[in-house]
Amino acid sequence: MKMRMKGWIVVAGCLLCACSEGTRTPFVRSVVLTTPVVLERTSVRNYSGVVREAHEISLGFKTAGQIECIRVGEGDYVHRGQLLAELDDDDYRLGVEALQIQYDQLADEVERTERLFRQKSVSANDYEKAVAGLKQLGVQLQVNRNKLGYTKLYAPVDGYVESVHFSPAEMVDAGTSVFTLLDVSSMEVEADIPAGEYRQRDRFTGYVCRPSGLGEDYRMRLLSLAPRADGNQLYRLRLAFAERPGRGLTAGMNAAVGISVADTAAARGVAVPLCAVFRDGGRPCVWELRPDSTVVKRVVTLGNTDSEGRAVVVEGLTGGERIVRAGVNVLQEGEKVRVIDAPGESNVGGML
């Protein structure tokens, strides 16, 4: 009997062991990834440029008439909304007054017609005609008011009056240019670059300019680059100021333009965090994550650290890989891993 009990105990123990082995979950390490940063050397090419106003605006009245007065002169700085010139508005004013009298008279008639309509003394058709006539006269009245307002010409933007084309007492048609205004609300810089530089335009990485006499560099942004060369085989480059320049900057001022060009043929490799690099037999290596969530060892050649304290890899990586940056010293070749997000700056150590 005792021997039989011992046999059952052994069998039960074997079954328990088998069950525990079947339900055991394999251990998978967690890692944090990073992407190599491609490092490129840049050079600066310098060219001569000129500061220009953003726009040159031709200003004219929206209606015809005789100029009564011109309130600004050439070279004056004007503000947006400032009165520049006026036409003789006597005829326009009389036209408004005449229509206003007709409108008021017809409005009284429509009011009487409405009362009669409510008393069913006039037909609905007569009442609707009276209302429609009042609306049409109201539109004509507003048109004449607009024409009266058009006898005054205001500056649409801040800028300088470059030229005045007419004098008081002269007749002008609607749309005829009376002033040429330089819009200096935003300034830009123009420069001409040679064909060899134009062919490298895809490698332009930044722009600066230094206006003569100011002694200060301004960051610029690209507005346009003409796709056609001029007679001297030069391409027109237009740049805008990234930040509003000081009042000392004026249109026509010479400026030195600097263009930063990436030298892809002399790339210095890629940068990775120092913690992503480990040694295997004295050789520097990194772990690359494969699409199947396994890691493979990549032997790399290191250069000096960069200005941000990162390891510079000059051979072995192209910049498109996903590299393990945390947990590199405990991984094995071909080991399957689980990727976790890197802790944020406010979650130091990943404790939250």
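Please refer to the structure higher up on the page.
Now for a look at the structure at hand. (Residues numbered from 1 in each chain as written. Predicted model: local features only at pLDDT ≥ 70, side-chain atom pairs only at ≥ 80, totals over all residues. Heavy atoms only, no water.)

Some words on the overall build of the chain
Alright, step 1. When its secondary structure is counted, the chain shows 4 helices and 22 strands.
Alright, step 2. Residues counted as buried form 32% of the 352 residues belonging to the chain.
Alright, step 3. Within the chain, contacts between residues separated by at least 24 positions form 72% of all contacts whose residues are at least 6 apart in sequence.
Alright, step 4. Carbon and sulfur atoms provide 51% of the accessible area of the chain, an area that totals close to 21,900 Å². (Helix = DSSP H or I, 4+ residues; strand = E, 2+ residues; numbered from the N terminus. Buried < 20%, exposed > 50% of the residue type's maximum accessible area, 1.4 Å probe, protein only. Contact = heavy atoms within 4.5 Å. Areas by Shrake-Rupley, 256 points an atom, 1.4 Å probe, with all protein chains shown as cover.)

Notes on the sheet that holds strand β6 (residues 83-87)
Alright, step 1. The antiparallel open sheet is built from 4 strands, whose spatial order is β7-β6-β4-β9. Of all strands in the sheet, those with a lone pairing partner are β7 (152-154) and β9 (171-172), marking the two edges.
Alright, step 2. With 2 bridges connecting them, strand β4 (residues 65-70) and β9 associate as antiparallel partners. Bridged to Gln-66 within β9 is Met-171. (Pairing = 2+ DSSP bridges.)

Things to note about the pairing of strand β20 (residues 311-315)
Alright, step 1. Taken together, the 3 bridges between strand β15 (residues 269-272) and β20 define a ladder with antiparallel strand orientation. Bridge assignment links Ala-271 to a residue of β20, and that residue is Val-312.
Alright, step 2. Sheet topology note: the strand β19 (residues 301-302)/β20 ladder contains 2 bridges and is antiparallel. If you follow Thr-301 over to β20, its bridge partner there is Glu-315.

Re the packing of aromatic side chains
Alright, step 1. With the rule as written, the count across this model stands at 6 aromatic pairs.
Alright, step 2. Between the aromatic rings of Phe-278 and Trp-287, the centroid separation amounts to 5.1 Å while the plane-to-plane angle is 15°, which identifies the pairing as stacked. For the residue pair Phe-278 and Trp-287, the accessibility class agrees, reading buried in each case.
Alright, step 3. The side chain of Arg-201 reaches across the aromatic face of Tyr-198, ending 4.1 Å from its centre. (Phe/Tyr/Trp six-rings, centres within 6.5 Å; stacked < 30°, edge-to-face > 60°. Lys NZ or Arg CZ within 6 Å of the ring centre and 35° of its normal.)

Section: the pattern of salt bridges
One side chain can pair with another of opposite charge once the charged atoms of both are near each other.
Alright, step 1. Applying the stated criterion to the full structure yields 17 salt bridges.
Alright, step 2. Two residues, Glu-111 and Arg-115, come together in a salt bridge whose shortest N-O distance is 3.7 Å. Residue Glu-111 and its partner Arg-115 are both found in helix α2 (residues 90-118); the two are separated by 4 residues, about one turn of the helix.
Alright, step 3. Look at Arg-115 and you get partly exposed, because its relative accessible area is 44%.
Alright, step 4. Between Glu-188 and Arg-238 there is a salt bridge, with its nearest N and O atoms 3.0 Å apart. Of this pair, Glu-188 sits in strand β10 (residues 179-194) while Arg-238 sits in strand β13 (residues 234-241), and the two are 50 residues apart along the sequence. (Salt bridge = Lys/Arg side-chain N within 4 Å of Asp/Glu carboxyl O.)

A few points about the nonpolar core
Alright, step 1. Ile-193, Met-220, Phe-241 and Ile-259 are the most contacted members of the largest nonpolar core, which has 24 residues in total.
Alright, step 2. The set of elements that each furnish at least two residues to this core consists of β3 (41-59), β10, β11 (204-211), β12 (218-225), β13 and β14 (254-263).
Alright, step 3. In terms of residue count, the dominant contributor to this core is β10 (5 residues).
Alright, step 4. Residues in contact with Ile-193, not counting those within four places in the same chain, are Tyr-47, Tyr-198, Phe-204, Leu-225, Gln-233, Leu-234, Tyr-235, Leu-237 and Ile-259.
Alright, step 5. Ala-85, Leu-87, Val-178 and Phe-179 belong to the second largest nonpolar core, which has 17 residues in total. (Core = buried A, V, L, I, M, F, W, Y, C linked by side-chain atoms within 4.5 Å.)

Some words on the pairing of β13
Two faces make up the sheet, and in a regular strand the side chains alternate between them.
Alright, step 1. Inspection of the sheet shows β10 paired to β13 by 7 bridges, in the antiparallel sense. Looking at the pairing, Glu-190 lines up with Arg-238 of β13.
Alright, step 2. The sheet contact formed by β12 and β13 spans 5 bridges and is antiparallel. Across the sheet, Leu-225 pairs through a bridge with Leu-237, a residue of β13.

Quick notes on the side chain of Glu-321
Alright, step 1. Examined against the element boundaries, Glu-321 turns out to sit in the loop between β20 and β21 (323-326).
Alright, step 2. A distance of 2.9 Å separates a polar side-chain atom of Glu-321 from the backbone nitrogen of Thr-318.
Alright, step 3. For Glu-321, the side chain forms a polar contact with the main-chain nitrogen of Gly-319, separated by 3.0 Å. (Polar contact = N/O pair within 3.5 Å; in protein donor to acceptor, adjacent residues only side chain to side chain.)

Here we look at helix α3 (residues 124-149)
Alright, step 1. Between its first and last C-alpha atoms α3 spans 38 Å; for 26 residues at 1.5 Å apiece the expected length is 38 Å, and the two agree.
Alright, step 2. Of all the positions in α3, only Tyr-127, Ala-130, Leu-134, Leu-137, Leu-141 and Leu-148 are classed as buried.
Alright, step 3. In this structure, the buried residues of α3 make contact with α2. (Expected span 1.5 Å × (residues − 1).)

Remarks on the environment of Val-296
Alright, step 1. Looking at where Val-296 falls in the secondary structure, it is placed in strand β18 (residues 295-299).
Alright, step 2. Sequence-distant contacts of Val-296, that is, excluding residues within four places in its chain, are made with Val-286, Trp-287, Glu-288, Arg-290 and Glu-333.

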